[in-house]
Amino acid sequence: MAIADNIQAIQNDIKIVAGQYARNFSEISLIAVSKKQPDERIEEALDVGHRLFGENRVQEAQTRWSERRQKYDDLKLHLIGPLQTNKADAAVQLFDMIETLDRPKLAKALAKEMQKQNRYLPCFIQVNIGKEEQKSGCQPQDLESLLALSYSEGLQIDGLMCIPPVNGAAGVYFSFLKTLADLHGLKKLSMGMSADYKEAIAAGAHYIRVGSGIFGERTL
Ligand SMILES: *Cc1c(COP(=O)(O)O)cnc(C)c1O
């Protein structure tokens with residue numbers, strides 16, 4: 001029951017915060033981040049009708065979702081973790097959206113795979129919004145050229161995604177991502193996790209990605 005309640009509570013928050021910022025709540029979607037969560041918790045979310053999930057590793061996602069995909073034809077899976085080019089084929093096969101396009105080599109690999117499989121997924125470009133050394137994501141100053149390349153490869157880029165620095169004021173980074181999106185004519189933003197999804201909605205998020213806030217601590 002806890003998981004159903006958590007999903008309900010977050011959906012309520014979406015409505016409340018959207019209202020406070022004069023946004024339409026129906027344009028904001030909750031991605032349940034199921035990485036490292038045991039099966040029974042996933043089933044609980046599915047049982048109450050939740051259908052949008054995020055995973056950060058291709059192989060783990062295949063194990064968890066390949067069979068379930070057959071059972072739930074309205075399921076949507078977003079890849080929210082770093083993607084190696086040698087896993088582009090599996091990622092294109094399994095996911096419905098790639099949120100972590102962050103470099104030219106990957107743009108080329110994804111475009112090639114999509115053509116090969118005749119399966120065209122929308123992508124988000126992940127921006128290393130805090131310009132952190134260890135973090136994946138393209139640097140803000142490289143966004144323009146990565147976008148140009150992605151378009152020339154035929155990719156559909158729906159928006160931008162970020163993971164702000166852990167100890168920063170997330171809202172500032174969310175606003176920066178929104179500015180970058182506006183600057184490049186991109187409509188959608190994936191930002192905000194368990195600790196900061198309300199700030200993300202306030203700053204314009206269309207997808208919030210919540211893991212532990214729905215399922216509890218990751219145990220696998
Ligand atoms: C794990 C993860 C999340 C969810 O994190 P929580 O703090 O558990 O909500 C969101 N986004 C990405 C990219 C993640 O890897």
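Residues numbered from 1 in each chain as written. Predicted model: local features only at pLDDT ≥ 70, side-chain atom pairs only at ≥ 80, totals over all residues. Heavy atoms only, no water.

A. Main features of the site of the ligand. In the region of the ligand, the neighbouring residues are Val-33, Lys-35, Ile-80, Met-161, Ile-163, Met-193, Ser-194, Arg-209, Val-210, Gly-211, Ser-212 and Arg-218. At a separation of 2.4 Å, an oxygen atom of the ligand approaches a polar side-chain atom of Ser-194. Side-chain polar atom of Arg-209 to a nitrogen atom of the ligand: 2.9 Å apart, as the coordinates give it. Here the ligand, which alone exposes 390 Å², has 90% of that area covered by the protein. (Near = heavy atom within 4 Å. Polar contact = N/O pair within 3.5 Å; in protein donor to acceptor, adjacent residues only side chain to side chain. Areas by Shrake-Rupley, 256 points an atom, 1.4 Å probe, with all protein chains shown as cover.)

B. Summary view of the packing of helix α2 (residues 39–47) against helix α3 (residues 58–71). Contact pair α2 / α3: the axes reach a minimum separation of 12 Å and the direction vectors enclose 35°. Considering how the two elements wind past one another, α2 and α3 form a crossing that is right-handed. Where α2 approaches α3, its residues Asp-39, Ile-42, Glu-43 and Leu-46 are matched on the opposing element by Arg-64, Trp-65 and Arg-68. Here the residues of the contact of α2 with α3 sort into three nonpolar, no polar and four charged. (Axes fitted to C-alpha atoms, helices over the stretch in contact; angles between N-to-C directions. Helix = DSSP H or I, 4+ residues; strand = E, 2+ residues; numbered from the N terminus. Left-handed = near helix turned anticlockwise from the far one by under 90°. Contact = heavy atoms within 4.5 Å. Nonpolar A, V, L, I, M, F, W, Y, C, P; charged D, E, K, R; others polar.)

C. Inspection of the pattern of salt bridges at higher detail. If you walk through the whole model with that rule in mind, you get twelve salt bridges. Across the pair Arg-23 and Glu-27 runs a salt bridge, and its minimum N-O distance is 2.8 Å. Taking relative accessible area as the criterion, Glu-27 reaches 34% and is therefore assigned partly exposed. The closest approach of N and O atoms between Lys-135 and Glu-132, which form a salt bridge, is 2.8 Å. A relative accessible area of 24% places Lys-135 in the partly exposed class. Classification of Glu-132 as buried rests on a relative accessible area of 16%. Each of the salt bridges in this network shares a partner with another, and the network as a whole consists of Asp-39, Glu-43 and Arg-68. (Salt bridge = Lys/Arg side-chain N within 4 Å of Asp/Glu carboxyl O. Buried < 20%, exposed > 50% of the residue type's maximum accessible area, 1.4 Å probe, protein only.)

D. The arrangement of the pairing of strand β5 (residues 122–127) in detail. Among the six residues that make up β5, six are buried, leaving the element largely enclosed by the rest of the structure. Side chains Pro-122, Phe-124 and Gln-126 project from β5 onto one buried face, and the interleaved Cys-123, Ile-125 and Val-127 project onto a second face that is buried too. On the question of chirality, the crossover connecting strand β4 (residues 97–101) to the parallel β5 by way of helix α5 (residues 104–117) is right-handed. Sheet topology note: the β5/strand β6 (residues 156–162) ladder contains six bridges and is parallel. Following the sheet pairing, Val-127 is matched in β6 by Cys-162. Handedness of the crossover joining β5 and β6 through helix α6 (residues 143–152): right-handed. (Right-handed = clockwise from strand over helix to strand, strands pointing away. Pairing = 2+ DSSP bridges.)

E. Fine view of α5. Its 14 residues place the ends of α5 20 Å apart at the C-alpha level, agreeing with the 20 Å of an ideal helix rising 1.5 Å per residue. Residues of α5 that are buried: Leu-106, Ala-107, Ala-109, Leu-110, Ala-111, Glu-113 and Met-114. In this structure, the buried side of α5 is in contact with α4 (88–94), β4, β5 and α6. (Expected span 1.5 Å × (residues − 1).)

F. Region of interest: the packing of α5 against α6. Packing of α5 against α6 leaves a shortest axis separation of 10 Å and a crossing angle of 15°. Classed by the angle they form, the pair α5 and α6 counts as roughly parallel. Where α5 crosses over α6, the handedness of that crossing is right-handed. Facing Pro-104, Ala-107 and Lys-108 of α5, the residues of α6 in contact are Leu-146, Leu-149 and Ser-150. Here the contact of α5 with α6 is built from residues that sort into four nonpolar, one polar and one charged. (Parallel < 35°, antiparallel > 145°, perpendicular 65-115°, else oblique.)

G. The arrangement of the packing of aromatic side chains in detail. Applying the stated criterion across every chain, the model contains two aromatic pairs. For the ring pair Phe-53 and Trp-65, a centre distance of 4.6 Å and an interplane angle of 45° mean the geometry is tilted. Residue Phe-53 is located in strand β2 (residues 52–55), and its partner Trp-65 is located in helix α3; the two are separated by twelve residues in the primary sequence. Considering the side-chain rings of Phe-124 and Tyr-207, the 5.9 Å spacing of their centres and the 70° angle between planes classify their relative orientation as edge-to-face. In this pair, Phe-124 sits in strand β5 while Tyr-207 sits in strand β8 (residues 207–210), placing the two residues 83 residues apart along the sequence. Residue classification places Phe-124 among the buried positions, given a relative accessible area of 0%. The side chain of Arg-68 reaches across the aromatic face of Trp-65, ending 5.9 Å from its centre. (Phe/Tyr/Trp six-rings, centres within 6.5 Å; stacked < 30°, edge-to-face > 60°. Lys NZ or Arg CZ within 6 Å of the ring centre and 35° of its normal.)

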